[in-house]
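Okay, here's what each chain looks like letter by letter:
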Amino acid sequence: MSLFGISTNLSCILLMFVALVSLSLPSEAAERHPDPDGCFSCHALEGLEYIDKAGVLRSASIDKQHYYSALHGSVPCKDCHRKIRDYPHKVKNGEVDCGASCHVEEPSEGEPYTHKAVVKEYEKSVHGEGWSKGLTGGNRLKEAEGVDPSCRMCHPNELYIGEDELPKFKASFDHIDTECGSCHQGEVWLGQFGGHILRRFIGSRWNKNDHNKMCNDCHADHKRMAEVELENKKSGEKEKVGPRFILASDSYATTLHGRLLETNVMEGASCIDCHAPKGFRHGILPDEEEKAATHLDNLAETCAQSGCHGYATNPLNHRFVKTDLHDIDMIPAVNDIAPRDSSRLESNWVKALIALLPIIVILGGGTLLWRIFGEKKKGVTFSVLGGDAFQEKMIGRKPKGKAKKRGKQG
Amino acid sequence: MNKKCRVHPSHGHKRHALLMICLFAFALTLFVSPVMAKPLYQEQVEQSEVSDKALKKSLKQVKEHKEIKVVDDLSVPPFHKRAVLQTTKKQPFCMTCHLSLPHRKNERSRTFMNMHSRYIACETCHFIPKGAALEYRWLAYDGVDAGKLIAPRRAVEVSVETPAKSERKHTAQFKKREPLAPQPGARISPFYNDVPVLLFKETPFAKDIEKKWEDADETQRAEIKAQLHAPLKKKGAACKECHGKRTPMIDFERLGASATQLKAIQNNIVARFFERFKKEDERIRIDKLL
């Protein structure tokens, strides 16, 4: 047999030589061009805007510098907008699926990066009916009509280091230009890789208040929450939520957790610390579901998670987990949505009032009776009963009445 | 003592001559003063005659018109960061009816046309009268000198040093070009005899039209609309009028463009790409752009 007319042995030697040479040559890492498809030829232009049929202000302009310094800065456009080939773009071709894998390699494993696992967790969660695919610039209005949040609703393409965090970052790493920059030059490195790595040194990407803000963007919106319908497990039908759900953000704010975080004391628990403490923190489930972190059977473990109420798992403290962290009775009744019906009678405030009622009646009634029927003395401002003793012993002066008497006697 | 003040006869002649000179100078000023002249667009609107066909078309448009409420506060934010919509202190008369982003229908060109409206007056593309040589200059729409002619930015050629390979790879993309506009909000606008051709919203003519429109019924509105659009062209100047020709419609050098900027305008890849389209509904592969 021959290969191109050369003997088999010789061809084998040649192939081995080629393989050896190619292995021994320093393989140059593929240069990562952030815009391989030339999308920024147009999309980097400022002012590519129009108003669509529904009146929505649409913009095709992308702030290039922001994009490269943002979370998706190393992801080429077509990794998300996969099918775009032509201009004008067909809307369908630009649809984004957040659960798809992209061409960026996850550095530790060398595998294509993907949000698939997060999307999977999210799809099983209470918010799972929200959009994780089919996202385009044009369907934001349609999406806004729904109740469940989509990926982009909570996660826009934000900077690695937010503008408010930048002074802190610069103060901590004022040497990056000289130290890191001697090898890693250029703004892209500093903005993207530098930001990605060094961000971890000044804290996680989001703190607990950022988490809460994300939840409150929807949950503090009473009007939006009033539109939510939840499935009744017994009847299987969807029903409008009640005040407890609508006011969940308000009731949380009255708890110690909420109040601690409000004053920037990070010991308080954020919404997802209790509702999605594990996994990718997207798996919020209804309280009734067995796997839910807020299910009665799991509450002890949830409360006892790292750095929190460790004693909650002790059987002697079993009542601790029954503390209602969304107690609607903590919200002032002046709130428009708070109920003003018989459901309020079950409140602990009412129970406490019942317990204290006899004392209130006795003391209040006694005071009233004394006011009406009690002996009134002119010039006496202190209590008749024990008033003199109070003046003599506590204030250290002679009561007026006694002083007058002594004066007359004298 | 009571003295009578007498005027010498020769002094009287001098005074008379001086008065005549002053009057003549004043009349001359009135004649040549650009301040007093009407904007050419207004002049043409007032002179134009509307055909029955144009009137019929106008009436149809008035009847079919649907008010558009701009939505920009959706609960779902845009994924990519974008700039806020630009507004200027002075607003053109066109915006009395048209949206600030007026191009909406043509899927292919609307965004690019609206982008141009950031630095080009509507009349630059849509008002090209026959027999009147227009000059294109910078007109301030914003700032303290809003509504005034402004001088171009001095063209500066920046010598760019060749950066190191690594630096070139990473930073070249962020080098911002020197803007051609002398100040934010300035627009290239047509001038006729040193007078801006266009009108702003607050001019008496514009206000008068606005008032008439409010009081008018559909037929009257159609007449007003047709009259206002009579001197205008619906289809503006083609891209190549500025981006392709060696002698473009606009003298960019006079507007302060450097040789590099001029080259960038005339050899614009997007404009060249647009020239490839032959049919209205055609789609072309993007790689042809590169």
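Residues numbered from 1 in each chain as written. Chains lettered and ligands numbered in written order. Predicted model: local features only at pLDDT ≥ 70, side-chain atom pairs only at ≥ 80, totals over all residues.

Comments concerning the overall build of chain A
Defined as follows: Helix and strand assignments come from DSSP, with helices taken as H or I runs of at least 4 residues and strands as E runs of at least 2, each series counted from the N terminus. Any residue surrounded by 20 or more other C-beta atoms within 10 Å of its C-beta is treated as buried, while 12 or fewer makes it exposed and the intermediate range makes it partly exposed; C-beta atoms here are placed from the backbone. In this description, any two residues whose backbone-derived C-beta atoms lie within 7 Å of each other are considered to be in contact.
Counting its regular elements, chain A contains 19 helices and nine strands. Here chain A, with 410 residues, has 18% of them falling under the buried criterion. For chain A, the share of sequence-separated contacts (at least 6 apart) that also reach a separation of at least 24 residues comes to 46%.

Focus: the domain arrangement of chain A
All names here are of chain A. Selection rule: Here the limits of each domain have been adopted from an automatic or database domain assignment. Asp, Glu, Lys and Arg are counted as charged, while Ala, Val, Leu, Ile, Met, Phe, Trp, Tyr, Cys and Pro are counted as nonpolar; the rest, among them Gly, fall into the polar class.
Domain annotation of chain A identifies domain 1 (70-206), domain 2 (215-340) and domain 3 (348-409). If you look at the interface, domain 1 gives ten residues, while domain 2 gives ten residues. Residue composition of the side of domain 1 that touches domain 2, grouped by class: six nonpolar, two polar and two charged.

Considering the interface of chain B and chain A
This is how it is decided: Two strands are said to pair when DSSP picks up at least two bridges between them.
Each side of the interface is counted separately: chain B has 43 residues, and chain A has 43 residues. Sorting the residues of the side of chain B that touches chain A by element identifies helix H4 (110-116), helix H6 (165-171), helix H11 (269-274) and strand E5 (284-285) of chain B as the ones contributing at least two each. Looking at the side of chain B that touches chain A residue by residue, the classes come out as 21 nonpolar, nine polar and 13 charged. By the bridge criterion, two bridges tie strand E5 (residues 86-87) of chain A to E5 of chain B in an arrangement that is antiparallel. Following the sheet pairing, Asp86 of chain A is matched in E5 of chain B by Arg285 of chain B.

Some words on the environment of His211 of chain A
All names here are of chain A. Tracing the sequence through the fold places His211 in helix H10 (residues 208-219). Sequence separation between His211 and Asp273 is 62 residues; the distance between their C-alpha atoms is 9.3 Å. Once residues within four sequence positions are removed from consideration, His211 is found in contact with Trp206, Ser270, Cys271 and Ile272.

What to know about the environment of Gln91 of chain B
Residue and element names in this part refer to chain B. Within the secondary structure, Gln91 is located in the loop between helix H3 (52-64) and H4. When the C-alpha positions of Gln91 and Val270 are compared, they lie 28 Å apart, and in sequence the two are 179 residues distant. In this structure Gln91 touches Phe200 and Lys201, once residues within four positions along its chain are discounted.

A word on the pairing of strand E1 (residues 135-140) of chain B
All names here are of chain B. Burial of E1 is extensive: five of the six residues sit out of reach of the surface. Relative to strand E3 (residues 186-192), E1 runs antiparallel, the two sharing six bridges. Within E3, the residue paired with Arg137 across the bridge is Ser189. Note that E1 and strand E2 (residues 149-150) share two bridges and pair antiparallel. In the sheet register, Trp138 faces E2, and the bridge partner there is Ile150.

Here's the deal with the sheet that holds E2 of chain B
Residues and elements named next belong to chain B. Pairing is antiparallel across the open sheet formed by four strands, whose spatial order is E2-E1-E3-E4. Only two strands of the sheet have a single partner each, and these edge strands are E2 and strand E4 (195-196). Here two bridges tie E3 to E4, and the two strands are oriented antiparallel to one another. When the bridges of E4 are listed, Phe191 appears paired with Pro196.

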